[in-house]
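One-letter residues, chain by chain:
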Amino acid sequence: MERTHWVMDYETMANLFVGVFESYNSEETKVFTIHSSICNDIKPLIKFLQRNKSLKEKHISFNGISFDSQITEFILKNQTKLLKMDAHDIVDAIYAEAQETISRSNAREFSKYPEWKLSIEQIDVFKINHWDNVNRRTSLKWAQFAMDWPNLQDMPIHHAEKVHTEEEILMITKYCINDVRSTKKILHLSKPLIAVRQQIKEKYGLECYNYSNTKIGSQLLLGLYCEATDQKKYDVKDLRTYRNGIKIKDILFDYISFKTPPFQQFLKKLEDKTIYNTKSDFKYKLRFKGYEFHYGAGGIHQCIKPGKYLAEGDIIVKDLDVASLYPSIACMNNMSPAHLGDEFFQVYKNDIVDVRLAEKKKPKANRDIAIIEGFKEAANATYGNSNSEYSWLYDPKYTMQTTINGQLLLSMLVEDLLINIPESVLLQTNTDGATLQFDKQYLDKYDEICKAWEEKTKLILEYADYSAMYIWDVNNYISVYTNGAAKCKGRFEWEDLQNHKHTHLHKNKSHLVVAKAIYNYFVNGISPEEYIKSNTNIYDYCAGVKIKGDWSFYESSIKDGKHVENKLQKTIRYYISNKGSKVLKINNSDNRQIQVEAGKWLQTVFNTYIEKPFEEYDINYNYYLENIMKEIKILEPKNQQLKLF
């Protein structure tokens, strides 16, 4: 019997159970259906699950650790009883188990069957991509939108409703198959994450398939620390350092100093400050040479006014970044969470950071991906987890010492550059770097200042040369390197969205044609009209919206002279058209209405892909041109409004 692994999904309804499994590397599909009166596949289902268990075949799912695997384990543990029941009682039992599982999850209780006790090993693409994190929360439907899945479909019948016909069973089965195949697509897009986890498991014995990157880093670090100190993991995991207050003057590095009154006064103010809340107590603004610097728990930020900043003639644009800022600060200043002692610093620097850097210096073909990626996460894990009471790394003093000193060290460099390079223009400062525009005659001075800063801080700077920066604000810009490559940020970050990179499936790719047109206008000199006419990818014109709480989507239109409202699903995809309808958000309690697209614009709902000659999509190009021109006019106020028709 040939071994494979299975992408799978269950649908559990009041009187129907459907299980769909598709081989991860072929189109082989198995469907198991149990209905209270029409069909009963419990015997072949149990036989199939037993095969999976005996052959060590994995189940691959979306959020399966919390749900589908729980149902699988319930079936396997109760197979003797289930085989003696009739179909009606089987679906009742499975449905009751499903509802209990959902209730546990909603209450944030532990699952009945923890992952390490499951009979069949799981790969959960929801967990791997860290979509269970509050800032990255992503549903399968949203991931379908993000990767231009042809059929963006919600469950066609509510789980509490009873299914009565074979046609309804077929409809639910097709829905389940659609979910399985989109999950399979996510699996393939997530191959880089899977490969790292496989190698880490083989090299370090860490069962980490369903760990987020952050958890992998934390667990690798924990293992190496315990090995070095001859301690037990369960003992170390209980350690924490709690602080009643953190005096900033006690955590500042003694080599931090400034040359001008604004920064000197700022430093003095900090020395008198005590931090009690690490998330909110460090928040300042500082003005220097016309620039406004924002300091906060997350880092330093500054940005020049919106505009085009070019390297022309003798004027150059230089960008610098501190290599691995937070790990490097810890290494160069012998930092450790207090409860872990100097041994932690030795492990962190010698066994994590230095080993990874040495591996990166090897020829690409000879590099160990487990060390490169796994140790990267281990190096980064300490800073973030040091501010989490749930982590064995918790010591908020470590957190604040890292971020405050990091911001001040970068401020020292920026101050030095601005006072020593005449007529230099500071385009932006961010958490670990800065961009400066200046006359190339001062390049030697620039290099001298940066080198002196490196010698003082023991940190390493990495450089880039830009031919242009198109800046809207600190989070939204396009940088063009002198070699022609470009870096797009914020709402102009189109390329990874277009390519469905796994790191971007939780983001919003709505109306991607707008970002692509703006990029082509500034970088390639293509007019918005010309670009719009050339782009025939219907998905680039689509937007996605999702709804929560006591709201519903409705499609409002006029048909045969009558106003018609058609209820839509909770996640929808649409584009702006000439003869479409209005999509509304309507509150189910008080009937408040909000237009998804305000004003005159009409929408065509496009949850299911329909292939046809492009002109038949009836796109309203003026909507997209108007939005493109709004962005262009921020940087080019004199630009005229353009229209295709």
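Bear in mind that the values here come from a model prediction, so they are computed numbers and not experimental data.

Chemist: Would you take a moment to explain the overall build of the chain for this structure?
Modeler: Along the chain, the regular secondary structure elements total 21 helices and 24 strands. Dimensions of the chain, computed from C-alpha atoms along their principal axes, come out at roughly 85 × 75 × 50 Å. Burial analysis of the chain (645 residues in total) assigns 53% to the buried set. Pairs at least 24 apart in sequence give 66% of the contacts found in the chain among residues at least 6 apart. Of the roughly 30,800 Å² of accessible surface on the chain, 47% is carried by carbon and sulfur atoms. Separation of charge centres in the chain, based on 87 positive and 85 negative side chains, amounts to 2 Å.

Chemist: Which parts of the structure should I look at to understand the environment of Glu-227?
Modeler: Within the secondary structure, Glu-227 sits in helix 9 (residues 213-229). Judged by relative accessible area, which is 66%, Glu-227 ranks as exposed. Spatially, the C-alpha atom of Glu-227 lies 9.6 Å from that of Val-347, the residues being 120 residues apart in sequence.

Chemist: Help me understand the nonpolar core, please; the structure alone is not making it clear to me.
Modeler: Nonpolar side chains tend toward joint burial in soluble globular proteins. Residues Phe-282, Phe-293, Tyr-295, Trp-392, Ile-404, Leu-408 and Leu-409 are the most contacted members of the largest nonpolar core, which totals 79 residues. When residues of this core are assigned to their parent elements, the largest contribution, 11 residues, is made by helix 16 (residues 396-420). Beyond its immediate sequence surroundings of up to four residues, Phe-293 is in contact with Phe-263, Tyr-284, Lys-285, Leu-286, Phe-288, Ile-300, His-301, Gln-302, Val-414, Leu-426 and Thr-429. If you look at the next biggest cluster of nonpolar residues, it comprises 48 residues, including Leu-512, Tyr-519, Cys-542 and Tyr-575.

Chemist: Sorry if this is basic, but what is going on with the sheet that holds strand 1 (residues 6-13) here?
Modeler: The strands making up a sheet associate through backbone hydrogen bonding, with each pair oriented either parallel or antiparallel. What the 5 strands build is an open sheet, ordered 3-2-1-4-5; its pairing is mixed. At either margin of the open sheet sits one strand with a lone partner, and together these are strand 3 (29-35) and strand 5 (122-124). Across the sheet, the mean angle from the axis of one strand to that of its neighbour is 25 degrees, orientation sign disregarded. Pairing of strand 4 (residues 59-61) with strand 5 involves 3 bridges; the strand directions are parallel. Counterpart to Ile-60 in the pairing with strand 5 is Ile-123. Strands in contact with helix 7 (residues 166-189) are strand 1, strand 2 (16-23), strand 3 and strand 4; relative to strand 1, the strand with the most contacts, it is inclined by about 145 degrees.

Chemist: So what exactly am I meant to see when it comes to helix 12 (residues 261-271) here?
Modeler: Along an α-helix, residues three or four positions apart point the same way, because every turn accommodates 3.6 residues. Taken together, the buried positions of helix 12 are occupied by Phe-263, Phe-266, Leu-267 and Leu-270. Down the axis of helix 12, the buried side of the element spans an arc of 100 degrees, and every buried residue falls inside it. If you follow the buried residues of helix 12, they end up packed against helix 11 (248-251), strand 8 (283-288), strand 9 (291-296) and helix 16.

Chemist: Mind showing me how you'd approach unusual backbone geometry here?
Modeler: Across residues other than glycine, the phi torsion is negative in most instances, and most of the peptide bonds are trans. Although it is not a glycine, Asn-63 adopts a positive phi angle of roughly 65 degrees. For Asn-63, the location among the structural elements is in the loop between strand 4 and helix 2 (68-77). Residues other than glycine seldom take positive phi values, yet Asp-148 does so here, at roughly 55 degrees. Looking at where Asp-148 falls in the secondary structure, it is placed in the loop between helix 6 (140-146) and helix 7. Looking at Asp-148, the relative accessible area reads 14%, which means it is buried.

Chemist: For this particular structure, what's the right way to read the pattern of salt bridges?
Modeler: Where charged atoms from two side chains of opposite charge come close, those side chains can pair. One pass over the structure, following the stated rule, counts 29 salt bridges. For Glu-121, the salt bridge is made with Lys-201, and the minimal N-O distance between the two is 3.3 Å. Here Glu-121 is found in the loop between helix 4 (87-106) and strand 5, whereas its partner Lys-201 is found in helix 8 (residues 191-204), with 80 residues between them in sequence. Judged by relative accessible area, Lys-201 falls into the partly exposed class, the value being 22%. Of the charged contacts in the structure, one is a salt bridge between Lys-451 and Glu-455, with a shortest N-O distance of 3.9 Å.

Chemist: Mind showing me how you'd approach the sheet that holds strand 21 (residues 571-577) here?
Modeler: What the 3 strands build is an open sheet, ordered 18-21-24; its pairing is antiparallel. One side of each edge strand has no neighbouring strand; the edge strands of this open sheet are strand 18 (543-546) and strand 24 (602-605). Put simply, the sheet's adjacent strands are angled 45 degrees from each other on average, direction ignored. As judged from the 4 bridges shared by strand 18 and strand 21, these two strands associate in the antiparallel manner. Among the inter-strand pairings, Ala-543 is bridged to a residue of strand 21, identified as Tyr-574.

Chemist: What's the story with a positive patch on the surface in this structure? I'm lost.
Modeler: A surface patch of positive charge is lined by Arg-108, Arg-137, Lys-546 and Lys-548. Locating Arg-137 in the fold gives a position in the loop between helix 5 (125-128) and helix 6. Residue classification places Arg-137 among the partly exposed residues on the basis of a relative accessible area of 47%.

Chemist: Is there a simple way to explain the side chain of Lys-509 in this structure?
Modeler: Relative to the helices and strands, Lys-509 resides in the loop between helix 18 (495-498) and helix 19 (512-524). A polar contact is formed between the side chain of Lys-509 and the side chain of Asp-148, at a distance of 2.9 Å. Residue contacts for Lys-509: discarding those within four places in its chain leaves Phe-145, Ala-146, Asp-148, Leu-497, Tyr-539 and Cys-542.

Chemist: Would you mind showing me how to read the pairing of strand 17 (residues 486-489) here?
Modeler: The two faces of a sheet get side chains in turn, since along a regular strand they alternate between them. When strand 16 (residues 476-481) meets strand 17, the two strands line up antiparallel, connected through 4 bridges. Residue pairing across strands places Ser-479 opposite Lys-487, the latter belonging to strand 17.

Chemist: Would you mind showing me how to read the packing of aromatic side chains here?
Modeler: How two aromatic rings sit relative to each other is set out by the distance from centre to centre and by the angle between their planes. Within this structure, the stated rule accounts for 43 aromatic pairs. Taken together, a centroid distance of 6.1 Å and an interplanar angle of 35 degrees make the contact between Tyr-225 and Trp-392 tilted. Here Tyr-225, found in helix 9, pairs with Trp-392, found in the loop between helix 15 (369-385) and helix 16; they are 167 residues apart in sequence, far enough to count as distant. The same class applies to Tyr-225 as to Trp-392, namely buried. Taking the centre distance of 5.9 Å and the plane angle of 55 degrees together, the rings of Tyr-541 and Phe-614 count as tilted. Separated by 73 residues along the polypeptide, Tyr-541 in the loop between helix 20 (528-534) and strand 18 and Phe-614 in the loop between strand 24 and helix 21 (621-635) bring together distant segments of the chain. Linked through ring pairs, Tyr-539, Tyr-541, Tyr-575, Trp-601, Phe-606, Tyr-609, Phe-614, Tyr-617, Tyr-621, Tyr-623 and Tyr-624 together constitute an aromatic cluster. Between Lys-546 and the ring centre of Trp-142, over which it is positioned, the NZ or CZ distance is 4.5 Å.

Calculation notes
- Residues numbered from 1 in each chain as written.
- Predicted model: local features only at pLDDT ≥ 70, side-chain atom pairs only at ≥ 80, totals over all residues.
- Heavy atoms only, no water.
- Helix = DSSP H or I, 4+ residues; strand = E, 2+ residues; numbered from the N terminus.
- Buried < 20%, exposed > 50% of the residue type's maximum accessible area, 1.4 Å probe, protein only.
- Contact = heavy atoms within 4.5 Å.
- Areas by Shrake-Rupley, 256 points an atom, 1.4 Å probe, with all protein chains shown as cover.
- Lys, Arg positive; Asp, Glu negative; His and termini not counted.
- Charge placed at Lys NZ, Arg CZ, Asp CG, Glu CD.
- Core = buried A, V, L, I, M, F, W, Y, C linked by side-chain atoms within 4.5 Å.
- Pairing = 2+ DSSP bridges.
- Axes fitted to C-alpha atoms, helices over the stretch in contact; angles between N-to-C directions.
- Arc of directions from axis to C-beta.
- Salt bridge = Lys/Arg side-chain N within 4 Å of Asp/Glu carboxyl O.
- Patch = residues over 30% accessible without salt bridge, like charges linked within 9 Å, V, L, I, M, F, W, Y side chains within 5 Å.
- Polar contact = N/O pair within 3.5 Å; in protein donor to acceptor, adjacent residues only side chain to side chain.
- Phe/Tyr/Trp six-rings, centres within 6.5 Å; stacked < 30°, edge-to-face > 60°.
- Lys NZ or Arg CZ within 6 Å of the ring centre and 35° of its normal.

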